[in-house]
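# Coordinates in review
Below, each chain spelled out in residue letters.
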Amino acid sequence: MSEKILYSYTALFDTPNQIIKAAKKVKEEGYTKYDVNTPYPIHGMDAAMELKPSLLPYVALVVGLTAAISMIIFLWWQNTIDYPLNIGGKPFFALPAYIPVTFEVTVLSASIATVVAMLFFVFKFPNNVHPLHDTDYMKRVSVDKYGISIQAEDPLFEAEKVKSLFNSLGASSITPIYYSDELVNFKPKILEPKFISFLIILFIVVSGATYITLNKLLFLPPYSWMMVQDKVIAQKTSDFFGGGSGMLTPVKGTVARGFLPYKFDKKPELAAKELVNPLMPVKKNIELGKTKFNIYCSPCHGYHAEGKSRLRGQFPIPPSLHSDKVRNWSDGRIYHVITEGQNVMPSYAHQLSRQERWAIVLYIRALQRSLNAKESDLQ
Amino acid sequence: MTTIDYSQELPVVEGRPTLQEINELIAKPLDTKPDKKYYIALAITLTMLLIGVIGLGLTFYYGVGMWGNNNPVGWGFPIVNFVFWVGIGHAGTLISAILFLFRQKWRNGIARFAEGMTIFAVMTAGLFPLIHVGRPWLAGYLIPYPNQHSLWVDFNSPLVWDVFAVSTYFTVSFIFWYVGLIPDLATLRDRATSKIKKTIYSIFSLGWRHSNRHWQHYEMVYLVLAGFATPLVLSVHTIVSFDFAVSILPGWHSTIFPPYFVAGAVFSGFAMVQNVLIFIRKIFNYEHIITLDTLEKMNKIIILTGSMVGYAYAMEFFTAWYSGVQPEQFTFINRAFGPYAWAYWIMVSCNVLFPQLFWIKKIRRSIPIMFVIAVLVNVGMWFERFVITVTSLSRDFLPSSWAYFKPTLVDGAILLGSFGFFFTWILLFTKSLPVVSIAEIKSVVPGAQPSHEEH
Amino acid sequence: MSDVIEYTKKKLPANWNKTGIVLFALGLILVILSFMTDVSRSSFNAVVFLTFLTSIGLGSLFWIATEYLSGAVWSTPFRRVAEFLASLLIILPLAALPSYFNLHDVFHWTHLEVVKGDAYLSAKQPYLNVPFFTIRTIAFFLIWIIFYFYITRNSLKQDTTKDQNLTKKNLRWSAIFIPIFALTITFFSIDWLMSLEPHWFSTIFGVYYFAGTALASMAAITYLVVKLNEKGYFVEGLVSDHYYSFGALLFGFLNFWAYIAFSQFLLIWYANLPEETLWFLQKWEGNWLYFSILLIIIHFVVPYFALLSQPAKMDPKRLKFMSLWILFAHYFDLYWISMPTYSEFAFMPGWIELGFIILTIGVIILVFNWKANKENLVPIGDPKLKRGIKFRL
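## Section: the overall build of chain B
- When you go through chain B residue by residue, the secondary structure sums to 16 helices and 0 strands.
- Taken along the three principal axes of its C-alpha coordinates, chain B extends 75 × 60 × 45 Å.
- Across the 455 residues in chain B, those meeting the buried criterion constitute 53%.
- A fraction of 82% describes how many contacts in chain B between residues 6 or more apart in sequence connect residues 24 or more apart.

Right, here's the structure in full:
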């Protein structure tokens, strides 16, 4: 057993008046490393010990103001720059509406900061060990006695002098306090295998639990997060109708919306005879025909349908549409050519709707009329 | 006529107990094994809790359709209960912070317990918004953080203010309560005999050694926390009232809502604290610490806040008439004489009329009568939230969409469960931590402070 | 240390009376001149004048009642200051006359031809009509004066009898007074301030006026107590614990006012209903915008930071300065409430406003002086007095 090291001399008093007197006296004697221990705060003790006022309120002030200002700036950034959203016709920077949140954040951060500052700067957290702990002295002052303790570190400390000072003040008991063996022989044991394996196990358990919670537990039935739903998924078999198909085959003769089958496949004569232009030769329709003609027909047929191709021989030049043959064709016959194509001309049924095709027919008629005007047109 | 000597200060603690006796008395429930009565009480609260859990299970399995909420009344029982419990949670911080700032020494006997109650009540209250969203496991989205959706919560919404207010309130109340506990935990550590207890108390007392160099900072921190908690406690119920009042629904949009809600919260909170304290002081023999004078003072605060609530009812009625706005006028007539007239008159009689009995000193000092009145106050305050929430929603601007709200059994089970949850915590608290602050009581025992005559 | 409190009555400094008379005379002349030049503007100013005096007088009575009810002792040595200020209640009927004779200039709802054509105003007519308004105002004054009379009489009687039953009696009077006070101050503020803009309504308005009242009267009490204490008028003087109580109450009510004002603004701003926003919109247009912003700074921001720290609340010099500041802030607040109705856009205060402020100060000094020279400045018979003097937190 090593030699005991003295921490302090302590004295116990019975009344609050005595302890105030004692504290004043000790202070007067010039001791600096002393402390008073009382079961509850004694009014006037701070003045007796001549302690400086606590600085902790400034922590609250500084942190509180910082939090308030940062919160306002954050809300301004969030609502005007990052994610501007019109809410109830309020301005993006709606200061009155920010005040409640800002206030709460201010209070929260300032309170936490003050308490944390007290823990670290005053209580020396996480240090929980002190020679005074577990002594009879401590057990008395935590109940009903008022104690004072002068530390051996104090430059003026002399055991006998301190004892006689306490005696003269009327102390009910005077005891020396020693550092406990544990404290003296304490060595940090951070690298001990036990501690390290504890950390490893802790790591595995925490990460495993997190993984299982986030990836398995949260997806246990009935919480499927809407991933299991009764619906057809493309390219997947479905048992709903039987037969594995997600859709039933349409009834025979079903016609898709907006689709009319073309009855005159490879039958130009029949088309010429039976098809009638449903559009009236009015300006609107002719304009439409002109637009479409210029886009789809004019590259080969030329802007005036005279067979003036702009393709410079890359494609056979079609004949003029002003020939007698074409002029004598019925509307249906021209329509059939656009729909089915002729010789090297492909079908335009996919590019042009029925209405557009008829409009083109109207426009071709207009072009033909322009070169071969009737007598009556000139009047 | 009893005469009071106004030139003498009334003692806060009666019978001049020694400090040692106070120590033993307050620590006794922690040292002794719980008796049969305690287990019976615990069994009752746990049964209530179980009923609530069943209600919640049904809700989660089948969905919120199990509740009575219907189309116009989207806010049914959950919001009523939420506001009710947040309100209960207000007395604690009021007692410990505001009365501390006003240097009312009689608060010392009841502050710790009331703070504990605050924490449990806020925990209970916090459950309801989570339940009400229908998918409580998604409630994390209420917290603003830079997320993968690049979305923010709507900081202009009072419901988000609520998230901030309630979580801040819970955190600060908890810190306040814990800071108050530190010296007591140290005292318990020093008298503990078993090693496990001693280790636990040592860890949580953070090395406290009653040093005056610590007391000095500790008292300052306590003052700062009280200074923060006071506006905080006002802000919390104010923000809860904003949930209603920023809307334009008649009967909700009224500028008096913030102070009116705060007064109501303090009112119901005090009634609840008083109810439970009556049992505590009897069971643990704290009659000379939590004195009849203290209870009388609480009753005075109940009558004061009850009258404030009555004032708010009156002003709402007057302003509805004075405003000349027809939907507003209709809402108030509908409240008093419409289909929910029964709830309205329960509210008025329990909140405004019965507390007026406290004007009589005998009633103020009679424990059975004050207990009954305080229970009625809590009933009344629950109905106040019911009246505000349900009557306004069930009949608003469009008569074609009016509907009568009828709670279901599941609603009732969850309400009962919330009481079970709250009282289970209270029971556990009474047996695990000192329900009266040892250090604070010692500091107000006669003769505990040095006499000022010397200087 | 003896149990008997030695108190010898001292007259207030003579120059107080002189200052009071000079200010009063100067103010009166300016006010009469202003009524001769611009009746409408002067009448609006007279409303501010009346409501400010009510704030000080009625607020003081409220603080007296609060002291009795809460059993507070720290304020007992200075209760007389509040009692003397409360005697402003006696002159309120006189202060009401200038605006009462010009009701037609001030209150829109007195124009019967307008009321007839306005559905909202005619719906309010059962409440807002001149005879009922007069009856209410007289009733409020009467009720306040009765309570003032009984409470202060009992307190004065105690100086000689030292009878503890008088404290008990006053406790009863105070208990009855507080609920009546709540109702009367509410309807007084609705009548004289809210109905200036008869279409507008706000449930919280009574509480708003109460917050300003409690704050302003506490500031007046604080200023006078600190000032008189400097000249040694109180038995053993004030210690930091007393100062702290004054400072804390000022600070607390400062925050309370801000809380109520903000609640009222936020709810109206957020809901954005035209029938409510008109009141704030008026104060957001033209010059009034600067007044509104100044109000926030003068009535909250500056005094908040000035009184935030604990040492600041105990500093007599700062308390004295800040209480004058707060008194001005309350006057400014009332002015901000009433004047936009008079002039909706461009508006600048001028000599008319100055005249009314001078008159207000003169009246307060004269009334206080008159009572303070007549009665004891310390309630020597009060059983709580000794505890109050020895008060430590």
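Following the structure, the description resumes.
## Brief notes about the sheet that holds strand β1 (residues 6–13) of chain A
Residues and elements named next belong to chain A.
- The 4 strands are arranged β2-β3-β1-β4 in an open sheet whose pairing can be described as antiparallel. The open sheet has two free edges, formed respectively by β2 (34–37) and β4 (173–178), since each of these has just one partner strand. The sheet shows a mean angle of 20° between the axes of neighbouring strands, direction not considered.
- When β1 meets β4, the two strands line up antiparallel, connected through 6 bridges. Its bridge partner lying in β4, L12 is registered against S173.
- Of the strands in this sheet, β1, β2 and β3 (146–151) are in contact with helix α1 (residues 16–29), which crosses β3 at around 15°.

## Concerning the packing of helix α2 (residues 39–70) of chain C against helix α4 (residues 88–100) of chain C
Residues and elements named next belong to chain C.
- Across the interface, α2 lies against α4 with an axial gap of 9 Å and an inter-helix angle of 170°. As summarised for this structure, α2 and α4 are arranged roughly antiparallel, according to the angle between their axes. For α2 against α4, the interelement crossing comes out left-handed. Between α2, through S43, A46, V47, F49, L50, L53, T54, I56, G57, L58 and L61, and α4, the contact on the second element is made entirely by L88, L89, L92, A95, A96, P98 and S99.
- Residues belonging to the contact of α2 with α4 are distributed by class as follows: 14 nonpolar, 4 polar and no charged.

## Structural notes on the interface of chain C and chain B
- Listed per partner, the contact involves 35 residues of chain C and 31 residues of chain B.
- Within the residue set of the side of chain C that touches chain B, elements represented by two or more residues are α7 (119–124), α9 (164–192), α10 (205–230), α11 (240–271) and α17 (385–389) of chain C.
- Among the elements that take part in the side of chain C that touches chain B, α11(C) stands out by supplying 10 residues, more than any other.
- A class-by-class count of the residues in the side of chain C that touches chain B yields 19 nonpolar, 9 polar and 7 charged.

## Side note on the interface of chain A and chain B
- Tallying the contact residues gives 60 residues for chain A and 48 residues for chain B.
- Going through the elements one at a time, α1, β2, α2 (45–49), α3 (56–82), α4 (95–122) and α5 (136–141) of chain A are the ones with two or more residues in the side of chain A that touches chain B.
- With 17 residues, the single largest contributor to the side of chain A that touches chain B is α4(A).
- Of the residues contributing to the side of chain A that touches chain B, the split by class is 39 nonpolar, 15 polar and 6 charged.

## Some words on unusual backbone geometry
All names here are of chain A.
- Non-glycine residue E50 carries a positive phi angle of around 55°.
- When you line up the elements, E50 lands in the loop between α2 and α3.
- Even without being a glycine, K266 presents a positive backbone phi close to 55°.
- If you trace the backbone, K266 turns up in the loop between α8 (193–215) and α9 (268–274).
- Classification of K266 by C-beta neighbours within 10 Å gives exposed; the count is 8.

## Focus on the nonpolar core
- V86(B), F267(B), L61(C), L85(C), L215(C), I221(C) and L250(C) are the most contacted members of the largest nonpolar core, which has 264 residues in total.
- Among the nonpolar cores identified, the runner-up in size contains 27 residues, and F13(A), A48(A), M138(A) and L165(A) belong to it.

## So, helix α13 (residues 354–371) of chain A
Residues and elements named next belong to chain A.
- Taking 1.5 Å per residue, 18 residues should reach 26 Å; α13 reaches 27 Å between its end C-alpha atoms and fits that length.
- When we look at burial in α13, the residues that qualify are E356, R357, W358, A359, I360, V361, L362, Y363, I364 and L367.
- At its buried positions, α13 is contacted by α10 (283–301) and α12 (331–340).

## Observations regarding the pairing of β1(A)
Residue and element names in this part refer to chain A.
- Across the 8 residues of β1, 7 count as buried, placing the element largely inside the fold.
- Where β1 and β3 come together, 6 bridges link them in antiparallel fashion. Looking at β3, one finds that Y9 is bridged to I150.

## Some thoughts on the packing of helix α6 (residues 158–191) of chain B against helix α7 (residues 195–204) of chain B
Residue and element names in this part refer to chain B.
- Where α6 meets α7, the closest approach of the two axes is 8 Å, and the angle between their N-to-C directions is 150°. On the basis of their axis angle, the class for α6 and α7 is roughly antiparallel. When the axes of α6 and α7 are compared, the crossing they make is left-handed. Contacts between α6 and α7 involve L185, L188 and R189 from the first element and K198, Y201, S202 and F204 from the second.
- A class-by-class count of the residues in the contact of α6 with α7 yields 4 nonpolar, 1 polar and 2 charged.

## Here we look at the environment of T160(C)
Residues and elements named next belong to chain C.
- With respect to the helices, strands and loops of the structure, T160 is situated in helix α8 (residues 130–161).
- Taking the C-beta count within 10 Å as the criterion, T160 has 10 such neighbours and is therefore assigned exposed.
- In this structure, the C-alpha to C-alpha distance between T160 and I380, residues 220 residues apart in sequence, is 8.2 Å.

## A short note on the confidence of the model for chain C
- Overall, the predicted model of chain C reaches an average pLDDT of 89, with 98% of residues at or above 70.
- When pLDDT is averaged over each helix and strand of chain C, the minimum, 81, is found for α17(C) and the maximum, 93, for α10(C).

## Quick look at α8(A)
- Relative to the 33 Å expected for 23 residues at 1.5 Å per residue, α8(A) spans 32 Å between its end C-alpha atoms, a close match to the ideal helical length.
- Burial of α8(A) is sparse: only 0 of the 23 residues sit out of reach of the surface.

Rules used throughout
- For every chain, the first residue of its written sequence is number 1, and the numbers climb from 1 along that sequence.
- As they are written, the chains are lettered A onward and the ligands numbered 1 onward, keeping that order.
- Totals for whole chains, interfaces and linings use all residues, but because this is a predicted model, local features are given only for residues with pLDDT of at least 70 and pairs of side-chain atoms are given and counted only at 80 or more.
- A helix here means a DSSP run of H or I that spans at least four residues, while a strand means a run of E at least two residues long, and both kinds are numbered starting from the N terminus.
- Between the buried cut of 20 or more and the exposed cut of 12 or fewer other C-beta atoms within 10 Å of a residue's own C-beta lies the partly exposed class, and all C-beta atoms are placed from the backbone.
- Working definition of a contact: two residues with C-beta atoms, positioned from the backbone, lying within 7 Å.
- At least two bridges found by DSSP between two strands are what make those strands a pair.
- The convention used is that axes are lines fitted to C-alpha atoms, helices contributing only their stretch in contact, and that angles between N-to-C directions extend from 0 to 180 degrees.
- When describing relative orientation, an angle under 35 degrees is termed roughly parallel and one over 145 degrees roughly antiparallel, while 65 to 115 degrees is termed roughly perpendicular and anything else oblique.
- Helix crossings get a hand from a simple test, with the near helix turned counterclockwise from the far one by less than a right angle marking a left-handed crossing and a clockwise turn marking a right-handed one.
- In this classification, the charged set is Asp, Glu, Lys and Arg, the nonpolar set is Ala, Val, Leu, Ile, Met, Phe, Trp, Tyr, Cys and Pro, and all remaining amino acids, among them Gly, are polar.
- Put simply, a nonpolar core is a cluster of buried Ala, Val, Leu, Ile, Met, Phe, Trp, Tyr and Cys residues tied together by C-beta atoms within 7 Å.
- Multiplying one less than the number of residues by 1.5 Å gives the expected span of a helix.
- Scored between 0 and 100, pLDDT is the confidence that the predictor attaches to each residue.

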